[in-house]
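The lines below spell out each chain.
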Amino acid sequence: KQWYQRRVRVIEKHYNAIEAAQKELAKKMRVYKYQIRVARTAIVVCTFFFICYLVYEIGTLYVIWGYDCDNGDHTRISQFIKMCHMFLFLNSALNVLVYGLMHRTVRAHLSKICAACTGKSGSSST
């Protein structure tokens, strides 16, 4: 009987250690998933920023190097610069939307709003 009780204590000790390790692993996995979400958001925002500013920088360099004066194509350059400013505006305006769409709660509320606007049931959440 004494041998049996010692054996049970050893098994309980190992079981508690396994349970603690499992809880610690689950906690680390939640942290890793959060870090992956943050990294994905950063990649999307940085890529969008790079694309918008690349177009702007191309137009700016084109004007700085004086190509619009050499060719006499002032109207096309002006239109291109206006388009570049539109890209900068889009980058600034849509960052909030990009950050928001990367967040689960914002997506759920946005789908409810869209469902209410279209008259569909908004009970499903993403």
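Residues numbered from 1 in each chain as written. Predicted model: local features only at pLDDT ≥ 70, side-chain atom pairs only at ≥ 80, totals over all residues. Heavy atoms only, no water.

1. With respect to the overall build of the chain
- Helices and strands together make up the secondary structure of the chain, namely four helices and zero strands.
- Taken across its 126 residues, the chain has 13% of its residues classed as buried.
- Taking as baseline every contact in the chain between residues at least 6 positions apart, the subset at least 24 positions apart corresponds to 54%.
- When the accessible surface of the chain is split by element, carbon and sulfur atoms take 65% of a total near 10,500 Å². (Helix = DSSP H or I, 4+ residues; strand = E, 2+ residues; numbered from the N terminus. Buried < 20%, exposed > 50% of the residue type's maximum accessible area, 1.4 Å probe, protein only. Contact = heavy atoms within 4.5 Å. Areas by Shrake-Rupley, 256 points an atom, 1.4 Å probe, with all protein chains shown as cover.)

2. Details of helix H4 (residues 104-118)
- Between its terminal C-alpha atoms H4 stretches 21 Å, which fits the 21 Å expected from 15 residues at 1.5 Å a residue.
- Backbone geometry just after H4 places Gly119 at a positive phi near 85 degrees. (Expected span 1.5 Å × (residues − 1).)

3. So, the environment of Leu88
- Looking at where Leu88 falls in the secondary structure, it is placed in helix H3 (residues 74-101).
- Judged by its relative accessible area of 14%, Leu88 is buried.
- Remark: the alpha-carbon pair of Leu88 and Phe49, spanning 39 residues in sequence, is separated by 8.4 Å.
- Dropping the residues within four chain positions of it, Leu88 is found in contact with Cys52, Tyr53 and Tyr56.

4. With respect to helix H1 (residues 2-64)
- When the terminal C-alpha atoms of H1 are compared, their 90 Å separation across 63 residues agrees well with the 93 Å that a helix rising 1.5 Å per residue should span.
- By the burial criterion, the buried members of H1 are Thr41, Val45, Cys52, Val55 and Gly59.

5. Comments concerning a positive patch on the surface
- Taken together, the side chains of Lys33, Arg37, Arg40, Arg104 and Arg107 define a basic patch exposed on the protein surface.
- Breaking the positive patch down by element, the ones donating at least two residues are H1 and H4.
- Here the positive patch gets three residues from one element, more than from any other, and that element is H1.
- Using a relative accessible area of 54% as the deciding quantity, one classes Lys33 as exposed. (Patch = residues over 30% accessible without salt bridge, like charges linked within 9 Å, V, L, I, M, F, W, Y side chains within 5 Å. Salt bridge = Lys/Arg side-chain N within 4 Å of Asp/Glu carboxyl O. Lys, Arg positive; Asp, Glu negative; His and termini not counted. Charge placed at Lys NZ, Arg CZ, Asp CG, Glu CD.)

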